[in-house]
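Tertiary structure, described
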Amino acid sequence: MTKVAVIEDDVPTSNQLRDWILAARPGLVVDQWFDRDAAEAAIAREDYALVTLDIELGRSATRGSPSSTPSTRPAAARRCWWYRPCRQRCTAAS
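Presented here is an overview of the structure given in this document.

Thresholds, definitions, all that
- Residues numbered from 1 in each chain as written.
- Predicted model: local features only at pLDDT ≥ 70, side-chain atom pairs only at ≥ 80, totals over all residues.
- Heavy atoms only, no water.
- Core = buried A, V, L, I, M, F, W, Y, C linked by side-chain atoms within 4.5 Å.
- Buried < 20%, exposed > 50% of the residue type's maximum accessible area, 1.4 Å probe, protein only.
- Helix = DSSP H or I, 4+ residues; strand = E, 2+ residues; numbered from the N terminus.
- Pairing = 2+ DSSP bridges.
- Axes fitted to C-alpha atoms, helices over the stretch in contact; angles between N-to-C directions.
- Contact = heavy atoms within 4.5 Å.

**Section: the nonpolar core**
Listed in full, the 8 residues of the largest apolar core are Ala5, Ile7, Trp33, Ala39, Ala42, Ile43, Tyr48 and Leu57. Contributions of two or more residues to this core are made by strand S1 (3-7) and helix H2 (36-45).

**Observations concerning the sheet that holds strand S2 (residues 29-33)**
With parallel pairing, the 3 strands of this open sheet are ordered in space as S2-S1-S3. Each edge of the open sheet is held by one strand with a lone partner, namely S2 and strand S3 (50-53). Direction aside, the axes of adjacent strands within the sheet are offset by 15° on average. Strand direction decides the pairing type here: S1 and S2, joined by 5 bridges, are parallel. Each bridged residue has a counterpart across the sheet, and for Ala5 the counterpart in S2 is Asp31. Each of S1, S2 and S3 touches helix H1 (residues 11-24); the most contacted strand, S2, lies at about 170° to it. Against the sheet, H2 makes contact with S1, S2 and S3, and its axis sits at roughly 145° relative to S2, the strand it touches most.

**A word on the pairing of S1**
Buried residues dominate S1, accounting for 5 of its 5 residues. Of the two faces of S1, both are covered, the one formed by Lys3, Ala5 and Ile7 as well as the one formed by Val4 and Val6. Pairing analysis gives 4 bridges linking S1 to S3, with the strands arranged parallel. Residue pairing in the sheet places Ile7 in a bridge with Leu53 of S3.

This is the structure we're talking about:
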């Protein structure tokens, strides 16, 4: 079964995204995650075909925009919110 992850801390927005996805493709399984740590754990253990992501979702101690990312990371990594090894090449790193 094809799985989609919706990562959004605002519950009404997350529910709306879920509803739109299911309306477009009723056979999908949609998992919702409301914080970054839970989302990262789920993505590490599950095989999602698609991930929708609130790009301003940070860790609880560093909530805010991606501009709070330490500047010691390579430029390509600063554009990629996850900055971790992926199964596929991240388009932000190209």
